[in-house]
Every structure is written in structure tokens, then in C-alpha cells.
Amino acid sequence: MTAAIELIGITKRFPGVIANDDVNLTVEKGEIHAICGENGAGKSTLMKILYGMQPADEGRMLVNGEEVNFSTPNDAIDRGIGMVHQHFMLADQLTVLENIILGAEPTNGGVIKFKEAEAHLAKVAADYGLTIDPNDMIESLEVGERQRVEIIKVLYRGAEILILDEPTAVLVPQEVEALFDNMRELKAAGSTIIFIDHKLDEVLEISDSITVLRHGKTVASMPNEGVTAHDLAELMVGSELPTPETSESTVTSTVALDVREVTVADEDGRNVVENINFQIHKGEILGIAGVEGNGQSELIDAIIGTADIRQGAMSLLGTDISNMSVRKRRELGIAYVPEDRHVEGLMLDAPLWENAALGHQTQSPYGSRWLINRDGARTQTELIKEEFDVRTPNIDVSAHALSGGNQQKLIIGRELTSNPSLLIAAHPTRGIDVGAQAAVWEQIRTARANGLATLLISADLDELIGLSDTIVVMLRGRLVARLAPEDVTPRDLGAYMTGAATQNSDEAA
Amino acid sequence: MRKLLFALAAPVGAFVLTIIISSIALWMFGSNPFSAYGDMLGHAAKLETQVDILNRATPLYISAVAAAIGFRMNLFNIGVEGQYLFAFLIAAQVGSLVVLPQVFHILLIMTVAVLVGAAYAGIAGVLKVTRGVNEVISTIMLNAIAITGLIALLQQRWQADQENFTSTTLGTNPIPESGLIPNINGIVEIFTRDIGQGKQLTGMLIVAILVGLAYHFLLTRMRFGFDLRASGANPFAARAGGIPPKRMVVAAMVLSGAAAGLIGLVELNEKAKFSPNPIKGLGFAGIAVALLGRNNPGGMVFAALLFAFLDVSAGILQNTQAATKEIVNIMQGIVLLVAVIAYGVTARIQSREEAKATAEALRATEGMEVAT
Ligand SMILES: Nc1ncnc2c1ncn2[C@@H]1O[C@H](COP(=O)(O)OP(=O)(O)OP(=O)(O)O)[C@@H](O)[C@H]1O
Ligand SMILES: [Mg+2]
């Protein structure tokens, strides 16, 4: 049987970097093939080449045994290849159906044939066992559902070979399970799937074969059988698999962040955060568990100052911050790692050193009230690059030239080196490889030992349990449980998150 | 060296291509491209023409800076046109009412012009942040209100000689000598012969240079400039980084309008009044110059000079009948289009070349780590 995909000797160079160096990859028909490797190893680049988004400098590609030459994604789609990017590309204000046909509308003399499209969509969904309501608005969907729309969109165009770039990074465990079920269905229906993932247990659970990239080269390609997470970590970064475990407690009695009876309303005036109370002490990490969309983002916005609160009060180290501008709060020592690095984190077209200054440009060493200190900013960026292992040829490249994980490391570095008193971290290690993840955890723990108060949100429940001193569960805008990480398992947490388990309200408050 | 080569590739490539396309255009209009170019260059070689070019480039450059301030944060201030004309009228009227020691008089007129431009542009900024009105729409409307409304009305009231006006007495009352920035012929004449034909090199040239330097300093050294660029690069990240989005919109509009206010002072200093038919279109031309100069303080200098050269060439083409004068507008359009394309192409080639160079360097030091 001919392989679905065969990449031979693919080489791709960027300024200062060889992203792919003579890479070979063979993906058999009907298998689920995982691609692993540390940040910047060249995984996304290889997939973009396969999908016709970027031309390779050297090498050949065979699809179903035939030599191909893609210059645009449309060429790849014609060959039955579809890709779902880590950053979804859906229009919020359109329905599922409209999004799916967007760009390939079946028309009849300029009129879109919605009926026909809907019928075709229903058939595709049924064939692959995927459920979705075509008339839902995208903005009303949860992350896992949006991802399903992206997958269906690709299938709708006739893709038989699917590329998923870090599909699980944005999902909570239940959604990951749902995704894996979908992937099994797709496989049963004859599709071939290539996917990228940093979580090794997930890779081992779902894949049939695994290819490991390192420094742009293929270092191993093997069937799943008998491989352990330990082996994979060894191949990827040459070190042991780390586990997130907090050392002895460093919680002090000084309150850093005090949130009292805070209520936040959305644009329609609905309370999305309701009457929330909690304190974070110096040296404490407070983890918030919750299914996305239960008010966590709005709570963070309120603390950082990008959203107004309707009721309540917040103070940081005794200073009332309820009505302070974002900038004042930042200057007071609030550091922020946003949930989506491309939205609130980076200026993708600006050089790294300017990105490092963002959010701290009014403070030393980046600048002052009036002026920017270029030399100071550059020196500090070099320091972040070294200390947080940001892999880049230099600090003048644009942020978009960094791999996803390295962008994340830059943001973590920028926030932790700003000497904050409160860190708000949403999914801090999202997209970061296992080796670098351990380093980031270590950095957070060191800061915690030095008195940093941290508010942690993470879809990775192991991370949440491992790092937090206290865990609270958020459901429909309220805190519904307060748990000690020592005696809680991811499974328990999941039950609280969905409301299957409850605590009485005194305990939670 | 290589870097310089690439920096020059786009403008040079654009230039060559523009010449080719313009020649075709000229030829299609039945003119001889070579004689047209010959006339243009011969004309521009004269000192007096160069003074004309600088006098034209000065307001174009200030106008480009005004537009560029907005562009840097993705704000489209289409209202530079209305802002400068309105500021021009008010400044001319205020200047004509007083007699002050020269420095104060000049500063007063400048201040009025800057404040009026800033305030008028500020309206669009405030409308955007309070009512969500798109600034393109509001500035276009404000242009109409200023030009066909306010200016026409006020001009009538302030007509110099209400009873028996002739074409020469039209406009606001003349500004006394003390309110005018002297010409800077003297500075040029140190290096060259005397400027003839009664041509005067505008003192506003110095102001334009200062504006350019200030713009450069703002963008590269000042925190406000950083905030401005960050807001343009990613408004969400900027906001999370403590940059107040609404205040930035108003501030950028106000600053853009302040620069716009200076544009009309070139003509004010030349004619000592607001004449009934002031030079129009400088606001829109500034947008084109900003585009061609890529909002870059240095780039816009060249762009302004090029546009001014073409504008000034219109007259000579008509005089010598080498070509119709409209050809210069066509050439301005061509150069703009070609430049936009050329920038894109060279950026791509440059990135590819750099990648190749990296690969060669790495091959030379075989065994080094590759992906760091
Ligand atoms: N457009 C670009 N310009 C310059 N360099 C780039 C560009 N895209 C990627 N690179 C570089 O190529 C290398 C490989 O990047 P790639 O995105 O493929 O990594 P990755 O394996 O997907 O990493 P991650 O796990 O962090 O997502 C990195 O060093 C990156 O900096
Ligand atoms: Mg990637």
C-alpha cells in the first residue's frame, strides 16, 4: 500500500534559522500520526509546507504516491489535505454553516445555495459521526465546539488527510476526550490524521505512530507500541520527564490580592462574575479551575483593569485598585500572562525587544514616563532570552518569526522579570514543550518563594494541582468549591467543574 | 553593504519602472517622452525652480507627517485638508488683528494655527471614542463643514474691504510684516548665486525640518510614540499593556491635527493673508506622500521632494508643449502604485537571501547547533 504522505528531504530556511533540515516523514493511510518535538523544532513549519502555505527550499512531497508541488493551500485542498490551525480562523458573527461554506460557497448565478450546503454538511457530519448545529452562532460556542467546526469545515471540502496543529492545547480534559473520540471516528471512516502535541500521555493514547523532530531534523519515527513517555521526552529534549509538584509551602500571612464581593457584567448587562470573594497571600499560588466560559476571563479582565466591575472592591497590598487604570495597576506590580498570546500578548510584527517592553514601557529598565530607554530595553530582552531560553537568532526579529512555544516563553519572561507582586497567569505553559515547561514551573516557584502572589488558570489540571497552594472552582460566574491540591485528583476536579460534585457554600467562600 | 543594496533596491526599482510606464503613457498621449523628461530635468536644474520645489515640498511634508501620525495607529485622518484650511483662515485673521514684536507675533500665529488644527481634528477623535463614529466618515464630513461651511461664511465676514472689493483686496486683512516668517534666501545664497525672479524660499522649510525631527524623536525615543505604534500594531495587547485606547485615539487625532495646522502657514507667509482661493488639496496629497514614504520621517522627505518636483514640472511641460500637464498627476499615481509593489517584492527577496546566507554560514561551521 502506498503511503498517504511521504515527505523526502524537506529543507526550509528562515533568516538565522534552519527550521527543517532534510526532514523525512512517512504517514500511512488511515493512521493517526503524532509529531513531537521541543519548541522551535520545526513541526509547524513542516505542516505549513505540507499544506502549501510555505514553499520548501528543497525536498519532494508525495501524496498517495504521486509527486505534488503546492504553491497555495488550495492546491493542498484539491489533493484532499486539510489543516486546522492552532489559532482558529472563524468569523464570530456568522453561523456555523456560513463559516463552513465561507470561501467555497456553492452558488447559483451569484446566489448562495444554503439548502444544498446544509444538506451536504449534514451528510459530512453524519459520515464522520460529528454533531453540530449548523445554525448556531460561532460566538456562542465553546472552544471545543469551535474546533469541531474547524474540523468539519476541512472535511466539508473533501479532506481525507487532516493536519491538526496542537489541537489539545486549548481544550480541557473532557474536550480532549471528545476530540479523541472524534479522531477515532474519522480514522474508522478512513481518514488519515497528522497532529502535533506537547502532552506526551495524549500522544501515547491516541497515535498509531510517532515522529520526533529535534533541531529541524527527524530523530525518530516509530510505531506507538512499547514507547513510553519517558522514551519520548528523552528523544525530544534528552532529559527526564518533569512533573509539576510544589515544594514546601511558602504561603505567608500578608494578603497581596483581596477580592471582595466582585461582580462583573458583560455587554448585555448579564452578570458573568457574581459576588466573588477570595484572597491571595504573598507566596501563594491560587489556582482557579473551571470549564472555559464560566467567568474566569472576565474575572481576570476585572483584576487587570480592562473590564469594569459592577460591584465590590479589589485591593493589592492594601491599595484599592478597583478603579485604577490598567497602567497604574501594572506599575503597582500586576504582571499578566494572557490566555491567547496572539490577542493580548504580542505585537507580531514588532521586534522582540519592543514586545518585551510592552506593558512595562513606563518603568525601568524599559523606559520612563516620557522616554523609551532603547539600550535598557535591549539589554533586558537579551537577559530574558538567556534566562527563559527563548530560541531566536537575535532580539531584532519580529515576534511572528518565533515558534509558538518560544513566543510564550518570551511573554513569561517579560512578566516574571518585571519583579511583580501579583502574577495573573492564564495557561502559562500553553504550547511550551515538556523541557521548557519544567523550567517555567521552576521560575514561578522561585518567584513564589520570594513572595509573589499568583492567580493561576490552566486547562492542564495536572499543572493546576501540581502548582497551586489552593484551588477554587468557578462555575457559572461563582466560586463553588475550595479544595486543597494535596487531596484532589483531576477526576474530582472535573466533577466540580461540571457541577456534578458540589460543596456547600460556606466551605467555598 | 548588502543591507544598503536592499534598502536601495525598492526605490531604484520603483523609479526605473515608473519611468518606463510613464514613457508609455506619454507616448500614448502623443508626446515624446525624452523631450518631456529633458524639459523637466532642465527646468529643475535651475536654482529658481529648486526654490519652487522646496516651497512646494514644505507643506507636502508637513501634511505627510500629519497623516502618518494617524496611520501609525491605524487611524485614517482624511481630514487634514479641512484642518489646515480652517487653521489657515483663523490664524490669518488673528494675525491681522494685532501688531506685536516679531517673535511673539509669529509664535502667536503658529500657536493659533496649531490649536485650531488640533481642536478641529480632536472633534473626530472624541466622536470616535464616545459615539463610535468611524474617523474616516467624520473627518470627511468635517472637511465639508470646514471648507464649504465655516470657511466660506467667515471669509465673507472678514472680507478685507467690504465695500469696494476687487480681486486683489479679497481675503482677510493683510498680516503686518512683524507676523511673517522671513524668507531664507540668505542661507541658500551663502552656497550659491543669488536667487532671481523674485523667488523666495519659505522660512517654513525650517519648521518642516523641525517637525520631521520631532516626529522621528516621538516615534523612536518617546514613550508616547511607543504607545502610538503599539496601539496600531495590536490594540488588544496595547490595552492589556496599560495603554488607554480611547485616550490614544484622541491624542493621536489631536497631534495629527496640530501638525496639519502648520501646513497653511507656508502660503500665509507668502501671501500675508488668507486669499479667497487658497492652495487646496495639500491634505490629500499628504496622504499619498505618507504612503510613498512609508510613514518614515526620512522616506517622506524623498517622497515630498519627488511629488513637489512633479508638481512644479507641470508648468514647464505646458509652456514647452512637450506634454499635457496632467501627465504629472498620472506619474504621481504610477510612482505610488509601483512603490507599494516594489516594497513588497524586495522584502520577500531580502528574506530569502538572508535565509540562504544563514544556511551557507551554517554549512561552513558544520556540526554547530542548527535551530537555535
Ligand atoms: N516566518 C518565519 N520567519 C522566520 N523564522 C521562522 C518563521 N517561522 C518559523 N521560524 C523559525 O523556524 C523554527 C521552527 O519553527 P516552528 O514554528 O516550525 O516550530 P515548532 O516546532 O512548531 O515549535 P512550537 O512547539 O514552539 O510551536 C523556529 O526557530 C522559528 O523561529
Ligand atoms: Mg508550532
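Rules and cut-offs
Residues numbered from 1 in each chain as written. Chains lettered and ligands numbered in written order. Predicted model: local features only at pLDDT ≥ 70, side-chain atom pairs only at ≥ 80, totals over all residues. Heavy atoms only, no water. Core = buried A, V, L, I, M, F, W, Y, C linked by side-chain atoms within 4.5 Å. Buried < 20%, exposed > 50% of the residue type's maximum accessible area, 1.4 Å probe, protein only. Domains from an automatic or database assignment. Contact = heavy atoms within 4.5 Å. Helix = DSSP H or I, 4+ residues; strand = E, 2+ residues; numbered from the N terminus. Phe/Tyr/Trp six-rings, centres within 6.5 Å; stacked < 30°, edge-to-face > 60°. Lys NZ or Arg CZ within 6 Å of the ring centre and 35° of its normal. Pairing = 2+ DSSP bridges. Axes fitted to C-alpha atoms, helices over the stretch in contact; angles between N-to-C directions. Buried area = accessible area lost by both parts, 1.4 Å probe. Salt bridge = Lys/Arg side-chain N within 4 Å of Asp/Glu carboxyl O. Polar contact = N/O pair within 3.5 Å; in protein donor to acceptor, adjacent residues only side chain to side chain. Nonpolar A, V, L, I, M, F, W, Y, C, P; charged D, E, K, R; others polar. Patch = residues over 30% accessible without salt bridge, like charges linked within 9 Å, V, L, I, M, F, W, Y side chains within 5 Å. Areas by Shrake-Rupley, 256 points an atom, 1.4 Å probe, with all protein chains shown as cover. Near = heavy atom within 4 Å.

1. Topic: the nonpolar core
Counting 151 residues, the largest nonpolar core has L493(A), M204(B), L265(B), L268(B) and L317(B) as its most contacted members. Shared between two domains, this core holds at least three residues of each, these being domain 2 (252-333 + 420-509) and domain 3 (336-419) of chain A. Ignoring anything within four residues of it in the chain, the contact list for L268(B) reads F88(B), A91(B), A92(B), I109(B), I175(B), L180(B) and K273(B). Counting 50 residues, the second-largest nonpolar core is a separate cluster that includes L97(A), I101(A), Y156(A) and L232(A).

2. A closer look at helix α1 (residues 43-50) of chain A
All names here are of chain A. Extensive coverage of α1 is indicated by the burial of 6 of its 8 residues. Within the span of α1, buried status applies to K43, T45, L46, M47, I49 and L50. Positioned one or two residues after α1, G52 has a phi angle of 75 degrees, which is positive.

3. Observations regarding the packing of aromatic side chains
The tally for this structure, following the rule as stated, stands at 3 aromatic pairs over all chains. Judged by centre distance (5.2 Å) and plane angle (55 degrees), the ring pair of F86(B) and Y120(B) falls under tilted. Separated by 34 residues along the polypeptide, F86(B) in helix α4 (residues 80-97) and Y120(B) in helix α5 (residues 102-131) bring together distant segments of the chain. The buried category is assigned to Y120(B), whose relative accessible area is 6%. The lysine or arginine in question, R369(A), covers the ring of W370(A), its NZ or CZ lying 4.9 Å from the ring centre.

4. So, the sheet that holds strand β18 (residues 334-337) of chain A
Residue and element names in this part refer to chain A. Strand order in the open sheet made by the 6 strands is β18-β19-β20-β15-β21-β22, with mixed pairing throughout. Strand pairing shows two members of the sheet lacking a second neighbour, β18 and β22 (478-483), which therefore form its edges. Strand after strand, the sheet turns through a mean of 20 degrees between neighbouring axes, direction not considered. As judged from the 4 bridges shared by strand β15 (residues 285-289) and strand β20 (residues 453-457), these two strands associate in the parallel manner. Residue pairing in the sheet places I288 in a bridge with I457 of β20.

5. Comments concerning the sheet that holds strand β1 (residues 5-14) of chain A
Residues and elements named next belong to chain A. Spatially, the 4 strands line up as an open sheet ordered β2-β1-β4-β5, and their pairing is antiparallel. Each edge of the open sheet is held by one strand with a lone partner, namely β2 (17-27) and β5 (66-68). Strand-to-strand, the axes of this sheet are offset by a mean angle of 30 degrees, without reference to chain direction. Bridge count for β1 against β2 is 7 bridges, and the pairing is antiparallel. Its bridge partner being in β2, F14 is matched across the sheet by V17.

6. A short note on the interface of chain A and chain B
Across the boundary between the two partners, chain A contributes 35 residues, which contact 32 residues of chain B. With both chains or domains summed, chain A and chain B bury close to 2900 Å², and 60% of this area falls on carbon and sulfur atoms. Inspection of the region where chain A meets chain B yields 3 salt bridges. Put simply, E354(A) and R229(B) hold a salt bridge, and the shortest N to O gap is 3.1 Å. Scanning the region where chain A abuts chain B turns up 13 residue pairs in polar contact (both at pLDDT 80 or more). Elements represented by at least two residues in the side of chain A that touches chain B include exactly β1, β2, α10 (326-332), α11 (341-345) and α12 (352-357) of chain A. It is α11(A) that contributes the most residues to the side of chain A that touches chain B, 4 residues altogether. Residue composition of the side of chain A that touches chain B, grouped by class: 14 nonpolar, 11 polar and 10 charged.

7. Section: a nonpolar patch on the surface
A cluster of nonpolar residues, L8(B), V12(B), F15(B), V16(B), L17(B), I20(B), I21(B), I24(B), W27(B) and M28(B), forms a patch on the protein surface that exposes about 1000 Å² of accessible area. By secondary structure assignment, the location of I20(B) is in helix α1 (residues 2-28).

8. With respect to the site of ligand 1
Residues and elements named next belong to chain A. Of all residues adjacent to ligand 1, which total 18 residues, the nearest are K43, T45, A401, S403 and G405. Between A401 and ligand 1, the recorded distance is 2.6 Å, taken from a backbone N or O atom to an oxygen atom. Listed by contribution, the elements that provide at least two residues to the shell around ligand 1 are β2, α1 and α14 (404-416). Here the shell around ligand 1 takes 3 residues from α1, the largest share from any one element. For the shell around ligand 1, a count of residues per class yields 6 nonpolar, 9 polar and 3 charged. Counting only domains with at least three residues in the shell around ligand 1, you end up with domain 1 (5-237) and domain 3 (336-419).

9. Overview of the domain arrangement of chain A
Residue and element names in this part refer to chain A. Each domain of chain A was delimited in the assignment, giving domain 1 (5-237), domain 2 (252-333 + 420-509) and domain 3 (336-419). The partner domain 2 presents 14 residues to the 17 residues of domain 1 that form the contact. Applying the counting rule to domain 1 against domain 2 returns 0 salt bridges. Counting the contacts that link domain 1 with domain 2 gives 4 residue pairs in polar contact (both at pLDDT 80 or more). Among the secondary structure elements, those contributing two or more residues to the side of domain 1 that touches domain 2 are α6 (173-188) and α8 (229-237). When the residues that make up the side of domain 1 that touches domain 2 are grouped by side-chain class, the tally is 9 nonpolar, 4 polar and 4 charged.

10. Some words on the pattern of salt bridges
Counted according to the given criterion, the structure contains 29 salt bridges over all chains. Across the salt bridge formed by D227(B) and R327(A), the nearest N and O atoms sit 3.0 Å from each other. Here R327(A) lies in helix α10 and D227(B) lies in helix α9 (residues 223-233), a pairing that spans two chains. Assessed through its relative accessible area of 14%, R327(A) is described here as buried. For D396(A), the salt bridge identified is with R378(A), shortest N-O distance 2.9 Å. Of the two residues, D396(A) sits in the loop between α13 (374-387) and α14 while R378(A) sits in helix α13, which places them 18 residues apart along the sequence. Given a relative accessible area of 27%, R378(A) falls into the partly exposed group.

11. Some points on helix α13 (residues 282-292) of chain B
Residue and element names in this part refer to chain B. For α13, the buried fraction is high: 9 of the 11 residues fall into the buried class. For α13, every residue scored as buried is listed here: L282, G283, A285, G286, I287, A288, V289, A290 and L292. Taken from the residues just after α13, R294 is the one with a positive phi, measuring 55 degrees.

12. Some words on the environment of T346(B)
Residue and element names in this part refer to chain B. Looking at where T346 falls in the secondary structure, it is placed in helix α15 (residues 327-364). On the accessibility criterion, T346 (14% relative accessible area) is buried. Placed 335 residues apart in sequence, T346 and P11 show a C-alpha to C-alpha distance of 9.8 Å.

13. Considering unusual backbone geometry
Residue and element names in this part refer to chain A. In this model, S364 is joined to P365 through a cis peptide bond whose omega is 5 degrees. When you line up the elements, P365 lands in the loop between α12 and α13. Phi at H215 is positive, roughly 50 degrees, even though this residue is not glycine. Secondary-structure assignment places H215 in the loop between β11 (209-214) and β12 (217-223). Of note in the backbone geometry, N419 takes a positive phi value of approximately 60 degrees without being a glycine. Within the secondary structure layout, N419 lies in the loop between α14 and β19 (422-426). Owing to a relative accessible area of 70%, N419 belongs among the exposed residues under this scheme.

14. Considering the environment of S418(A)
Residues and elements named next belong to chain A. Here S418 lies in the loop between α14 and β19. Spatially, the C-alpha atoms of S418 and H360 are 7.5 Å apart, while their sequence positions differ by 58 residues. Sequence-distant contacts of S418, defined by excluding residues within four places in its chain, comprise A335 and H360.

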